[in-house]
Amino acid sequence: MTTITNEVTQGEFQAAKKYVDDVYEIVKKRNPGESEFHQAVQEIFESLTPVFAKNPKYIQHNILERMVEPERIISFRVPWVDDNGNVRVNRGYRVQFSSAIGPYKGGLRFHPSVSASIIKFLGFEQIFKNSLTGQPIGGGKGGSDFDPKGKSDNEVMRFTQSFMTELYRHIGPDIDVPAGDIGVGAREIGYMFGQYKRLRGGYEAGVLTGKGIQYGGSLARTEATGFGTVYFVDEMLQDKGQTFDGRTVVVSGSGNVSIYAIEKATQLGAKVVACSDSNGYIYDENGIDVATVKQLKEVERKRISEYVNVHPTAQYVEGCSSIWSIPCDIALPCATQNEINAEAAQMLVNNGVKAIGEGANMPSTLEAIEIFLKNDVLFGPAKAANAGGVAVSALEMAQNSSRVPWTFEEVDAKLHNIMKNIFKNSKEAAAEFGHEGNLVVGANIAGFVKVADAMISQGVI
Ligand code: NAP
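Analysis parameters
Residues numbered from 1 in each chain as written. Predicted model: local features only at pLDDT ≥ 70, side-chain atom pairs only at ≥ 80, totals over all residues. Heavy atoms only, no water. Disulfide = S-S within 2.5 Å. Buried < 20%, exposed > 50% of the residue type's maximum accessible area, 1.4 Å probe, protein only. Pairing = 2+ DSSP bridges. Helix = DSSP H or I, 4+ residues; strand = E, 2+ residues; numbered from the N terminus. Axes fitted to C-alpha atoms, helices over the stretch in contact; angles between N-to-C directions. UniProt positions renumbered as here; feature names shortened; annotations may be inferred. Contact = heavy atoms within 4.5 Å. Near = heavy atom within 4 Å. Polar contact = N/O pair within 3.5 Å; in protein donor to acceptor, adjacent residues only side chain to side chain. Areas by Shrake-Rupley, 256 points an atom, 1.4 Å probe, with all protein chains shown as cover. Nonpolar A, V, L, I, M, F, W, Y, C, P; charged D, E, K, R; others polar. Domains from an automatic or database assignment. Salt bridge = Lys/Arg side-chain N within 4 Å of Asp/Glu carboxyl O.

A. Quick peek at the state of the cysteines. Here the structure, examined in full by the defined rule, presents zero disulfides. Free cysteine Cys-320: the closest other cysteine sulfur is in Cys-275, separated by 12 Å. For Cys-320, a relative accessible area of 31% corresponds to the partly exposed category. In this model Cys-328 remains outside any disulfide bridge; the closest cysteine sulfur is found in Cys-334, 12 Å from its own.

This is the structure:
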């Protein structure tokens, strides 16, 4: 038989490929029309063939078909009353994907685009991301098609209370621990925690993460995803003898992840020249003033276009997708899924981009990733690059359990170390399976193996 690597024969490789392809067909058939979920599954499956070829036990235990089927999906009605007395109805979701290595863990997203497909893609990716952090957390995700934009504080409170009135029976500090995501920040987490506490009749601090510091939150959780993304990209750069210092950076979005990515990249000596929201982007050749972005977005909840009123030398451009036409050394997509398509990726490459760090979940399409890899752009995939947020969420859970809070510096140092380890483990896994330098493959494999082995140990459940 032909040997294609030292240890894998052509026959073993073909058997693995057939298994992966067959399960992917099942996924498409069982989840019709869920394109985002299919995309997330496809990306991971493409990476795993060499693992199955080398370890046929995963095929014997039919690990993939079990992994792509969530342990539980909850979908529910969320009725609430707006400020004009109208009764409104939204749909809530929680997908409890995998509890192989710990309680379900993953954010809640409130955005009109939320659907079963979006929550399933996010929940599926979360399994591998959480495993990569080295923390004992399973994978889950949830949310609603509710749009917090333009709603009053009271409307947001009434909605989140109604949402939690159903969700509370499915979650708990050792069962399922939600956190924030798009449209769910400190305000929403606060209202949900209050309602959970009221319904449960007990103070279970570890049921949600991303809480306010006054009531069980962790220092550095707010910063964790953005800082972690920059720490990860810094590892990729240092591995090639480079740094952030003096680099031009473009960051999409202007929410939680973006703001702290801008802050950390700037601290490391880079100049971040642009950021955006869903309406358009700002370009400031002097470097974005992150204090202004924080004031506009975190305090006043305004549009990014208002930035130019504070910094008149900056420009505002309507439409967010053309942000990728700005020449830069490093691009950090931190807004939403599929925001970099093939055309945008090619534009970035033509303009000389050196590194991409995915702060958002699945911001690059499969075609875009291919273009980056083909052109030797350093590529930090979401699962690895943005895992800092959930890693610090797990540290928040640890502090809640021990009832001992840590300092900002302690948490930040642990975060930094976790990001270094994720980079190292992903790089090594890629090399071990013959994909030297490909962190997409490396992160997928490193995340997968631990979960798969835990599933085998726990039997067919
Ligand atoms: P956020 O605070 O709500 O900010 C989201 C930002 O992205 C806003 O600037 C928003 O603009 C923009 N955006 C949202 N949907 C968009 C769309 N369809 N098109 C263009 N822009 C859009 O959310 P976040 O927590 O920063 O999350 C951003 C991304 O990071 C998401 O992919 C999320 O899943 C991922 N992530 C977050 C965390 C975390 O800890 N928060 C952890 C890991 C990964 P508008 O204000 O105009 O909507």
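B. Just the sheet that holds strand E3 (residues 104–110), in detail. The mixed open sheet is built from five strands, whose spatial order is E1-E2-E4-E3-E5. At either end of the open sheet lies a strand with only one pairing partner, and these are strand E1 (72–81) and strand E5 (176–179). Within this sheet the neighbouring strands show an average axis-to-axis angle of 20 degrees, counted without direction. In this structure, E3 lies alongside strand E4 (residues 139–144), joined through three bridges in parallel fashion. Bridge assignment links Phe-110 to a residue of E4, and that residue is Ser-144.

C. Region of interest: the UniProt feature "site: Important for catalysis" (unreviewed entry) in the chain. Feature annotation in UniProt assigns "site: Important for catalysis" (unreviewed entry) to the following positions: Asp-181. Relative to the assigned elements, Asp-181 resides in the loop between E5 and helix H7 (186–200). Beyond its immediate sequence surroundings of up to four residues, Asp-181 is in contact with Gly-107, Leu-108, Arg-109, Lys-141 and Asn-361.

D. Main features of the environment of Phe-146. Structurally, Phe-146 is set in the loop between E4 and helix H6 (153–167). Distance in space between the C-alpha atoms of Phe-146 and Phe-159 is 8.3 Å, their sequence separation being 13 residues. For Phe-146, the contacting residues outside a window of four places in its chain are Trp-80, Asn-90, Phe-110, His-111, Pro-112, Lys-151, Val-156 and Phe-159.

E. Examining the UniProt feature "binding site: substrate" (unreviewed entry) in the chain more closely. The positions that UniProt labels "binding site: substrate" (unreviewed entry) are, in the present scheme, Lys-105, Gln-126, Lys-129, Gly-180 and Ser-393. Residue position: Lys-105 is located in strand E3. Overall, Lys-129 belongs to the buried group, its relative accessible area being 4%. Every residue in contact with Lys-129, bar those within four places of it in the chain, is listed here: Asn-361, Ala-382, Lys-383, Asn-386, Ala-387 and Val-390.

F. Examining the site of the ligand more closely. In the vicinity of the ligand lie 25 residues, with Asp-181, Thr-225, Ser-278, Arg-303 and Asn-361 positioned nearest. Interatomic distance of 2.6 Å between a side-chain N/O atom of Asp-181 and an oxygen atom of the ligand. Contact with the protein chains hides 84% of the accessible area of the ligand, taken as 880 Å² for the molecule alone. Broken down by secondary-structure element, the contributors of at least two residues to the shell around the ligand are helix H8 (221–239) and helix H9 (256–267). Class assignment for the residues of the shell around the ligand results in six nonpolar, 13 polar and six charged. Mapped onto the domain boundaries, the shell around the ligand takes at least three residues apiece from domain 2 (72–203) and domain 3 (223–385).

G. Local environment of the pattern of salt bridges. Under the counting rule described, the total for this entry stands at 27 salt bridges. A salt bridge links Lys-420 to Glu-235, with the shortest nitrogen-to-oxygen separation between them at 3.4 Å. With Lys-420 in helix H16 (residues 408–432) and Glu-235 in helix H8, this residue pair connects regions lying 185 residues apart in the sequence. With relative accessibility at 35%, the residue Lys-420 sits in the partly exposed group. Across the pair Lys-424 and Glu-428 runs a salt bridge, and its minimum N-O distance is 3.5 Å. One end of the pair, Lys-424, and the other, Glu-428, are both in helix H16, four residues apart, so they sit about a helical turn from each other. For Lys-424, a relative accessible area of 45% corresponds to the partly exposed category. In this structure Glu-428 comes out as partly exposed when scored by relative accessible area, which is 42%.

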